[in-house]
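Here is what each chain is made of, one letter per residue.
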Amino acid sequence: MFESIIDYFKSIDPILAAFYASLFTWFLTAFGASFVFFFKTMNRTVLDGMLGFTGGVMVAASFWSLLAPAIEMSSGIGFEKVMPASIGFFLGALFIFGLDKLLPHIHINFKQTEGIKTPWQRTTLLVLAITLHNIPEGLAVGVLFGGVAAGIPEASIAGAVTLAIGIGIQNFPEGIAVSMPLRRMGMSRMKSFMYGQSSALVEPVAAVFGAFAVTFFTPILPYALAFAAGAMVFVVVEEVIPETQQDKNTDIATLGFIGGFIIMMVLDVALG
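Residues numbered from 1 in each chain as written. Predicted model: local features only at pLDDT ≥ 70, side-chain atom pairs only at ≥ 80, totals over all residues. Heavy atoms only, no water.

A. A look at the side chain of Ser62. Relative to the helices and strands, Ser62 resides in helix H3 (residues 44-73). Not counting chain neighbours up to four residues away, the residues in contact with Ser62 comprise Leu67, Ala229, Met232 and Val233. (Helix = DSSP H or I, 4+ residues; strand = E, 2+ residues; numbered from the N terminus. Contact = heavy atoms within 4.5 Å.)

B. Representation of the packing of H3 against helix H6 (residues 157-184). In the contact formed by H3 and H6, the axes pass within 9 Å of each other and the chain directions differ by 155°. In this view, H3 runs roughly antiparallel relative to H6, as classed from their interaxial angle. Read as a crossing pair, H3 and H6 show a hand that is left-handed. Here H3 contributes Leu47, Met50, Leu51, Phe53, Thr54, Val57, Met58, Ala61, Ser65 and Leu66 to the contact with H6, which in turn contributes Leu163, Gly166, Ile169, Gln170, Phe172, Pro173, Glu174, Ile176 and Ala177. Taken together, the residues of the contact of H3 with H6 sort by class into 14 nonpolar, four polar and one charged. (Axes fitted to C-alpha atoms, helices over the stretch in contact; angles between N-to-C directions. Parallel < 35°, antiparallel > 145°, perpendicular 65-115°, else oblique. Left-handed = near helix turned anticlockwise from the far one by under 90°. Nonpolar A, V, L, I, M, F, W, Y, C, P; charged D, E, K, R; others polar.)

C. Quick peek at the environment of Phe212. Tracing the backbone shows Phe212 in helix H8 (residues 202-216). Owing to a relative accessible area of 39%, Phe212 belongs among the partly exposed residues under this scheme. (Buried < 20%, exposed > 50% of the residue type's maximum accessible area, 1.4 Å probe, protein only.)

D. Main features of a nonpolar patch on the surface. Taken together, the side chains of Phe79, Met83, Ile87, Phe90, Leu91, Leu94, Phe97, Phe212, Phe216, Phe217, Ile220 and Tyr223 define a hydrophobic patch exposed on the protein surface, amounting to about 1200 Å² of accessible area. Looking at the nonpolar patch, the elements that each hand over two or more residues are helix H4 (79-102) and H8. Per-element tally for the nonpolar patch: the top contributor is H4, with seven residues. (Patch = residues over 30% accessible without salt bridge, like charges linked within 9 Å, V, L, I, M, F, W, Y side chains within 5 Å. Areas by Shrake-Rupley, 256 points an atom, 1.4 Å probe, with all protein chains shown as cover. Salt bridge = Lys/Arg side-chain N within 4 Å of Asp/Glu carboxyl O.)

E. Spatial organisation of the layout of surface pockets. Roughly 160 Å³ of internal volume is contained in the largest pocket. Taken together, Leu139, Val143, Phe209, Gly210, Ala213, Val214, Ile220, Tyr223, Ala224, Phe227 and Ala228 make up the lining of the largest pocket. Among the secondary structure elements, those contributing two or more residues to the lining of the largest pocket are helix H5 (122-149), H8 and helix H9 (221-244). (1 Å grid on protein atoms, 1.4 Å probe; cavity = no way out; pocket = protein on both sides within 12 Å on 5 of 7 lines; lining within 4 Å. Points joined across faces, edges and corners; volume = space filled by probe spheres on them.)

F. The arrangement of helix H7 (residues 189-198) in detail. Along H7, the residues that are buried comprise Ser192, Phe193, Gly196 and Gln197. Down the axis of H7, the buried side of the element spans an arc of 120°, and every buried residue falls inside it. Buried positions along H7 lie against helix H2 (14-33) and H6. (Arc of directions from axis to C-beta.)

G. Examining the environment of Val214 more closely. Tracing the sequence through the fold places Val214 in helix H8. When its relative accessible area of 1% is taken as the criterion, Val214 is described as buried. Each C-alpha atom, one on Val214 and one on Val148, is 9.4 Å from the other, the two residues being 66 residues apart in sequence. The contacts of Val214, once residues within four sequence positions are left out, are Val143, Gly146, Gly147, Ala150, Leu221 and Ala224.

H. A look at the environment of Gly166. Looking at the element boundaries, Gly166 is found in helix H6. Classification of Gly166 by relative accessible area gives buried; the value is 1%. Remark: the alpha-carbon pair of Gly166 and Ile263, spanning 97 residues in sequence, is separated by 8.3 Å.

I. Local environment of H3. The terminal C-alpha atoms of H3, which comprises 30 residues, lie 42 Å apart, in line with the 44 Å expected from a rise of 1.5 Å per residue. Taking the largest bend as the criterion, H3 deviates by roughly 30°, centred on Leu67, and proline Pro69 comes between one and four positions later. Of all the 30 residues making up H3, 21 are buried; the element is thus mostly covered by neighbouring parts of the structure. (Expected span 1.5 Å × (residues − 1). Bend = angle between axes of the 7 residues up to and from the residue.)

J. Seen up close, the packing of aromatic side chains. Under the defined criterion, the tally for this structure stands at eight aromatic pairs. Centroid distance Phe31 to Phe172: 5.4 Å. Interplanar angle 35°. Geometry classified as tilted. Pair noted here: Phe31 is in helix H2 and Phe172 is in helix H6, with a separation of 141 residues, a long-range link. Take Phe31: its relative accessible area is 39%, and that puts it in the partly exposed class. Measuring from centroid to centroid gives 6.2 Å for Phe97 and Phe234, while their planes differ by 80°, and the two rings are edge-to-face. On the criterion of sequence distance, the pair formed by Phe97 in helix H4 and Phe234 in helix H9 is long-range, its members being 137 residues apart. For Phe97, a relative accessible area of 39% corresponds to the partly exposed category. (Phe/Tyr/Trp six-rings, centres within 6.5 Å; stacked < 30°, edge-to-face > 60°.)

Rendered as structure tokens:
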């Protein structure tokens, strides 16, 4: 089945492929958000484990799917070879750091509001927080497909599809993490679902943008791959992991992280 998917993506334009792949990641976010139609709350232990899993997938994808190819495709040896990945990684983290300070948002626990002060509702701020997470994920998918379009040997359709699968898997608990708190606050099931799925709508936009950028400016590919990795790692360290440490489920969250890392590593090595 995986081979059939790869053959299909090889037969279409890589920019369109990036769009379709990111639609898949959005769909799994929407699928997670749809659980609000069946449950009003979710056990905090389960949620922390799922968020830990999300963090593990993101960190593994950052290395196996993004940083390693970025270093491999860079020219030179020694420090010269690793500099594009280092610069891109730093700029990606700095980009999300800037958005984190400017974009108003609130964490899942509804206790910490960040960014500039705003009269916006807390529900809007929560959706913006998850949207902030999804920007680098969409970029990562798009950049890999853009590398394929540019004919870069280190960028493969299989690797790009594998990354999209991994990001889609970890988007599932993100959809739950948005919709369930909104439902618990008294919002209707439909509104909670709509807010939950809308947090991932930025991914197709970011994916197409990343694919176009790399296609037309091929030399930036190592920087772009590392940029997406730095952005994702910043999100994991600054928000995802601390979120799992709010209650007494640190061990469950840590095991979830390990499980997510292993699954993404296996997917990338075995399929990518």
